[in-house]
Amino acid sequence: MTQDSSKKPMDAIMALCKRRGFIYQASEIYGGINGFWDYGPMGAQLKKNLRDAWWQDMILRPCWGRNGPNGKPVRNVGLETCIIQHPKVWEASGHLAGFADPMRKCAGCGHFVRADQLWDTIVTASEWFASVIQEFDPAPEGTQTPRLNAERLMKWARTKGKRLAPNLALVRNPEVTLSWLVTRVNGQPESPPEIIEIVRHLATEQLNVTGLQDPCPRCGAVLGEPAPFKLMFETFAGLTQTEDNKVYLRPETAQGVFVQFKNVADTTRIKMPFGIGNTGRSFRNEITPRNFTFRSREFEQAELEFFCHPDESLDWYKFWRDFRMEWWKEIGLAGENLILREHEKDELSHYSQGTSDVEYRFPFTSPGFGELEGIAHRGNYDLTQHQKVSGAKLDFFDTDRGEILPNGGKKGERYLPHCIEPAAGLDRGALALICEGYTRDDSRASPEFLKLHPRIAPVKAAVFPLVAKDGMPEVAEKLHAELSDKFWKLGGVEMDEKQSIGKRYARMDEIGTPFCITIDGDTMAVQTVTVRDRDTATQQKVSLDKVGAFLSEKLGV
RNA sequence: GCGGGUGUAGCUCAGUGGUAGAGCGUCAGCCUUCCAAGCUGAAUGUCGGGGGUUCAAAUCCCCUCGCCCGCUCCA
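A brief structural summary. (Residues numbered from 1 in each chain as written. Chains lettered and ligands numbered in written order. Predicted model: local features only at pLDDT ≥ 70, side-chain atom pairs only at ≥ 80, totals over all residues. Heavy atoms only, no water.)

Quick word on the layout of surface pockets
The cut-off we apply is this: Using a grid of 1 Å spacing that covers the protein atoms alone, one calls a set of points a cavity when a 1.4 Å probe fits there but cannot get out, and a pocket when the set is open and has protein on both sides within 12 Å along at least five of seven lines; lining residues are those with an atom within 4 Å of a point. Grid points are joined across faces, edges and corners, and a volume is the space filled by probe spheres set on the points. Segments assigned H or I by DSSP are reported as helices when at least four residues long, segments assigned E as strands when at least two residues long, and all are numbered from the N terminus. Asp, Glu, Lys and Arg are counted as charged, while Ala, Val, Leu, Ile, Met, Phe, Trp, Tyr, Cys and Pro are counted as nonpolar; the rest, among them Gly, fall into the polar class. What counts as a domain boundary in this text is fixed by an automatic or database domain assignment.
Considering only enclosed or pocket space, the largest pocket measures out at about 1300 Å³ in volume. Considering the residues around the largest pocket, the lining is formed by 42 residues, among which E252, R284, Q301, E371 and E421 are closest to the centre. Elements represented by at least two residues in the lining of the largest pocket include exactly α4 (95–98), β10 (298–308), β12 (354–360), β13 (370–379), β16 (418–425) and α16 (426–437). Element by element, the count of residues in the lining of the largest pocket is highest for β13, at 8 residues. By residue class, the composition of the lining of the largest pocket is 13 nonpolar, 15 polar and 14 charged. The volume enclosed by the second largest pocket comes to roughly 400 Å³. Around the second largest pocket, the lining comprises 19 residues; the ones closest to its centre are Q56, R455, L490, L555 and V557. Elements with a minimum of two residues in the lining of the second largest pocket: α2 (41–60) and α20 (547–555). It is α2 that contributes the most residues to the lining of the second largest pocket, 7 residues altogether. Residue composition of the lining of the second largest pocket, grouped by class: 6 nonpolar, 5 polar and 8 charged. Per-domain counts for the lining of the second largest pocket show at least three residues from each of domain 1 (41–97 + 247–436) and domain 3 (451–555).

Pasting the structure below:
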């Protein structure tokens, strides 16, 4: 039973991350830079362990060697693609269009509105619009447009309007604003204004100077001109910073995989179904980077694009969804703070037959959850798009399918594979593991500690001489050398003889070291050491010459 | 982007116009036979940054940056 993460103070977790070298603010001595974080020595190792665990369990030995829904071992290969791709990649994927919606900024309250959804938003979601529309008299028989009632509008402007739409022209200067509107209505009785035109009038004070204006759905102030809202980072490949040389930092690693799908299929003898995994940095100009490292502008993803025959795709989708959930549990997020959430139909992309999120209840999202990984059924959307935009043929000739030929072989089938995409956020994963592991127990001598899974812990073990005399440091030194030789590839093995034993335990508890090995009087007499367990603070005796084997077993190697 | 809060040592924070502090941590020495123990000593500050007011600014004013919370946004 894990502790509810909402009870964990985020401040204390952030302080520990800084204090013990897990996470630092990027460019801190310059005042920091919004949306960017660095990892200290402990954090770098933790994140590497997480990335390695993913690579091992997804690429080197997919799904711990278990079979997929087709009854055969899961086959995945690795790939490493560039952060900067040909600009057309983002055109094909839809990011260029989708990431650059024209937005209009409100001059009054700073609110951003999507230009193409402005009127929809005003009619359905604007509080002041909902209020002011009631001040019109009902539309006369046979017409759509409600009738203007200047008196009621004037009253609204002086009462409710002041509260709901303080920056609306009608509220700021009702006489002038209304006079323009009345002039319009009376001037062209044969074509009464539609509702949109009326509302634009309400937002316009100096019609002859500015023309009709559009109001902010929130405060009524005049909206600025539509401007592209760029969520992709741009830079230039080439010395001249011209439009021709403009390139983008990738907002996701997946597209690199789709673009190289054909090469991988053609050059590795791998057979359908199979996955291609890619880890690496991605960049998004988040509107509001917040919540520590949760929403960073530079972040790392671990994505698998799993390709299969369309007929099998739903089975694979379910398989990956369930396995990824199991995987996060295995490395330490077992408990109520982790959920698998299947997207509702209306949340799905038009091409998707299913998407699930693995979500963690972070202290700062609690009682809600934040996304750790999304598992999406992408159909053949991406390959279709790249095929269309690049002109390359990306379909796959599957020799395991088709009718059986007289010679016993199969005829084969050509198709555009479907893709299941489990896409994990490594920084979010690292943060979740730290939050989940963070524990405070005031009854302990070392109240704060990180319950990290041994596979994830940056330091695997520490060796202490109980006291720095009587030959203990020498024995400890020797044991430390032996254990380092054996386990250095997994992470640190530390040795510490300074200060009291309690402080040394406490330090190791805070960085989540699962085992501390103490050389004591018994070591000198009967060749045993004391192994202390981080989570329970209990101790057990182990033979000096069995410590390596003991740790091997505990660390699962 | 708006609103609220906040920023002083590695961490937590005190310091409201007059010599920059405490606790913890860190480091060194002594002591110490299992849990941040004790003793002695030491190091560590652009008081987030810039400008202004003042004889004098961590403190007052303006601008700016970061972080946290609530909105908003989240392809």
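Topic: the pattern of salt bridges
For side chains bearing opposite charge, pairing can occur when the charged atoms are close. Cut-off, in case you're wondering: By salt bridge we mean one thing: a side-chain nitrogen of Lys or Arg within 4 Å of a carboxyl oxygen of Asp or Glu.
What the rule picks out here adds up to 38 salt bridges. We note a salt bridge from E286 to R295, for which the minimum N-O separation is 3.7 Å. Taken together, the salt bridges that share partners define one network made up of R19, R20, E448 and E510.

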